[in-house]
Amino acid sequence: MNEKELRTPGTNFIKTIIDTHNRTGRFDGRVHTRFPPEPNGHLHIGHAKSICLNFGIAEDYHGLCNLRFDDTNPVKEEQEYIDGIIRDVRWLGFDWGDRLYYASDYFETMYRFAVDLIRRGNAFVCDLTAEEVREHRGTLTQPGRESPFRNRSVDENLDLFHRMRAGEFPDGSRTLRAKIDMSAGNLNLRDPVMYRITRATHPRTGDSWCIYPMYDWAHGLEDSIERITHSICTLEFEDHRPLYDWFLDALETYKPQQIEFARLNVTYTVMSKRRLLTLVNEGFVSGWDDPRMPTISGLRRRGYSPESIRIFCDRIGVAKANSTVDYAMLEHCVREHLNLTAARVMVVLDPIKVILTNYPEHQTEMMDADNNPEDASMGKRQIPFSRELLIERSDFMEEPPKKWFRLAPGMEVRLKHGYYITCTDVVRDTAGTITEIHCHYDPESRGGWTRDGRKVRGTLHWVSAAHAIRAEIRLYDHLFALDDPMAVPEGKTFRDFITPQSLTVISNALAEPCLADSAPETRFQFLRHGYFCTDPDSSPGHPVFNRTVGLKDSWAKIQRGADEQ
RNA sequence: UGGGGCGUCGGCAAGCGGUAAGCCACUGGUUUUUGGCACCAGCAUUCGUAGGUUCGAAUCCUACCGCCCCAGCCA
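As the structure is a computational prediction, the values presented were derived from the model and not from experiment.

Rules behind the numbers
Throughout this document, residue positions are counted from 1 along each chain, in the order its sequence is written. For this description, chains carry letters from A and ligands carry numbers from 1, given in the order in which they are written. Local features in this predicted model are restricted to residues of pLDDT 70 or higher, and side-chain atom pairs are both shown and tallied only at a pLDDT of 80 or more, whereas totals for entire chains, interfaces and linings draw on every residue. Excluded from the side-chain calculation are hydrogens and water; included are all heavy atoms of the structure. Secondary structure follows DSSP: runs of H or I at least 4 residues long count as helices, runs of E at least 2 residues long count as strands, and numbering of each begins at the N terminus. Remark: exposure states derive from per-residue accessible area (1.4 Å probe, protein chains only) relative to the maximum for the residue type, with buried under 20%, exposed over 50%, and partly exposed in between. Two N or O atoms form a polar contact when they lie within 3.5 Å of each other; inside protein one atom must be a possible hydrogen donor and the other a possible acceptor, and for residues adjacent in sequence the pair counts only when both atoms belong to side chains. Whether two residues touch is decided by their heavy atoms; if any such pair falls within 4.5 Å, the residues are in contact. Here a Phe, Tyr or Trp ring, Trp counted by its six-membered ring, pairs with any other such ring whose centre lies within 6.5 Å, and the pair is stacked when the planes are under 30 degrees apart, edge-to-face when over 60, and tilted otherwise. A 1.4 Å probe that fits into a set of points on a 1 Å grid over the protein atoms alone but cannot get out defines a cavity; an open set with protein on both sides within 12 Å along at least five of seven lines defines a pocket, and lining residues are those with an atom within 4 Å of a point. Grid points are joined across faces, edges and corners, and a volume is the space filled by probe spheres set on the points. The classification used treats Ala, Val, Leu, Ile, Met, Phe, Trp, Tyr, Cys and Pro as nonpolar, Asp, Glu, Lys and Arg as charged, and all other residues, Gly among them, as polar. For each domain, the first and last residues come from an automatic or database assignment. Here the expected span of a helix is defined as 1.5 Å times the quantity of residues minus one.

A. Focus on the side chain of Arg34. Within the secondary structure, Arg34 is located in strand 1 (residues 32–35). Using a relative accessible area of 0% as the deciding quantity, one classes Arg34 as buried. Of note is the side chain of Arg34, whose polar atom sits 2.7 Å from the side chain of His219. At 2.3 Å, the side chain of Arg34 and the backbone oxygen of Ile232 are in polar contact. In this structure, Arg34 is in contact with Asn54, Cys65, Asn66, Arg68, His219, Asp223, Ile228, Ser231, Ile232 and Cys233, ignoring residues within four places of it in sequence.

Shown next as structure tokens:
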């Protein structure tokens, strides 16, 4: 089964709208979308939803999707973010051809459109301060008052706007505003600001501009210039659609259809760029790519595959109702993809020694092992087997509970790809702690099976003591203890609910030799543990692995049930 | 109190007047050299509430109720 079969796109209200447009010929059958990030932070799983939606729809309808930076506010935007966003979208697997655009490339065009709007009598230069503009805006229930500068002549507006651009006025001293309706119930229509004066160095245009366009003015023009057909954005812009339409209608220019959908929320995490920045700046995580972050770079470092994220975005659907997706859904999608693609390997996290008393000393056998039982094409590897082995401490119990089929005194288990072994004895230190488990192995069970077809319920993973390599393993848990970190009690902040044990480091796990020098971002299944991914912190002789997600564990479930009784 | 939206299973989400898809989670069971995977079965007589229209309503109408967004020279 490949990704195509795993993906189950389904329909949604946006496709329904597009189908209608295609039927009526609104855009001559064209479908052209865009993903328009502002480079003021790194992309997260919520953006992935939008990316998959926009690029996915373009693909479904044999259309196009542009990557466009909405870089209209230089005080918050940085080249570092531009580079990171390009890297992340590409990593997710999307291709924008040669259509990488920047709103800043349209600044001159936008300026000319603004002059046009002034000439049409639909915009004016306003000398009110920011605070005065706010006072004039009115409130949710009371209409606003018109600016005293609202009725300047076209010529005066043209002159003033030109001088705004020329840098004759100080920052914040004047704005260009659209002349719409100060009594509109929709606040966005109360003579919105189109340009502000801000002397800030822009990552791309440098200091060549001191006036910058506002979102509402700029965004529709960007879409219009690129001949976008469907401008897909999140719900909070629903109130802005009348303004989006107003500007393009007033200019009598090409107008796309804006469509709004609900942004993604996932349990146990935060999704706003502001809060993610807080986590980074206040040192709660190591950076934007900390494996606990819901950022694309964090998920990547954690071991999520691009395919798994795309599958997730298909599964959650698209609608207009605010909703929060269960983190378990994301986990399910990675497991599903990694089960098919990740090589199996054996690693013992908490080792205890096993000695096979009837196995020849100084002998080493190489055992055949499937790399992936789901995919024979991934081949086999050889694992060294010898007299002294390490198994998981938790796989042995002196007095096992019912239904236990791991190792215990007198019990026979299978060592995966190895032999059947039976526990005969244990060795303790002076404190009474078990230090060694003595076992007999059955020479007839080489490879992990016998001719007599005897049933052995338990299968354990192991490594050979003489051949194992040390590895650092990083286990992660939810960053937040609350499924909704935003729903905090009065007087608390989301900071108060950060889980202290969200990162557990195991510095002396023992792994089979093939893991010695795996490249960063290689994904594995550590048998019976979960999916892990090589971290970039790895160095020769010191491999580091991040746990992406654990395997489902029905034994843990049974134990939980027993505890409750 | 103005404007704009949204309410279908524990969580997502189809459905668009013909009698409630699917996924996650959960619960049983089969299978198994991963207590994984896979497979089978169960899981909304009911669609925010109340009326109405209709042979027939989650879908149409009316009125309520609840939740979200908007008063940046942010996007």
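B. Structural view of the packing of aromatic side chains. According to the stated counting rule, one finds 24 aromatic pairs in the structure shown. Ring geometry for Phe385 versus Trp462: centroids 5.1 Å apart, planes at 80 degrees, classification edge-to-face. Placement of the pair is Phe385 in strand 14 (residues 380–385) and Trp462 in strand 20 (residues 462–464), with a sequence separation of 77 residues. Across this residue pair, the class does not change: Phe385 and Trp462 are buried. Centroid distance Phe524 to Phe526: 6.5 Å. Interplanar angle 40 degrees. Geometry classified as tilted.

C. Geometry of the layout of surface pockets. Approximately 1,200 Å³ is the volume found for the largest pocket. Around the largest pocket, the lining is made up of 36 residues, and of these Arg528, Leu551, Lys552, Asp553 and Ser554 lie nearest the centre. Of all the secondary-structure elements, those providing two or more residues to the lining of the largest pocket are helix 13 (327–341), strand 24 (530–534), strand 25 (544–550) and helix 14 (554–564). With seven residues, helix 14 is the largest single contributor of residues to the lining of the largest pocket. Each residue belonging to the lining of the largest pocket can be placed in one class, and the counts come to 13 nonpolar, nine polar and 14 charged. Both domain 2 (273–343 + 471–554) and domain 3 (347–461) contribute no fewer than three residues apiece to the lining of the largest pocket. The space that makes up the second largest pocket amounts to roughly 860 Å³.

D. Examining helix 5 (residues 107–119) more closely. When the terminal C-alpha atoms of helix 5 are compared, their 18 Å separation across 13 residues agrees well with the 18 Å that a helix rising 1.5 Å per residue should span. Here helix 5 has its buried residues at Phe107, Met110, Tyr111, Phe113, Ala114, Val115, Leu117 and Ile118. Backbone geometry just after helix 5 places Gly121 at a positive phi near 80 degrees.

E. Focus on the environment of Glu436. Along the polypeptide, Glu436 turns up in strand 18 (residues 434–442). A relative accessible area of 22% places Glu436 in the partly exposed class. Taking the C-alpha atoms as reference points, Glu436 and Glu521, separated by 85 residues in sequence, lie 35 Å from one another. Ignoring sequence-local partners within four residues, the contact set of Glu436 consists of Lys353, Ile355, Asp425, Val426 and Val427.

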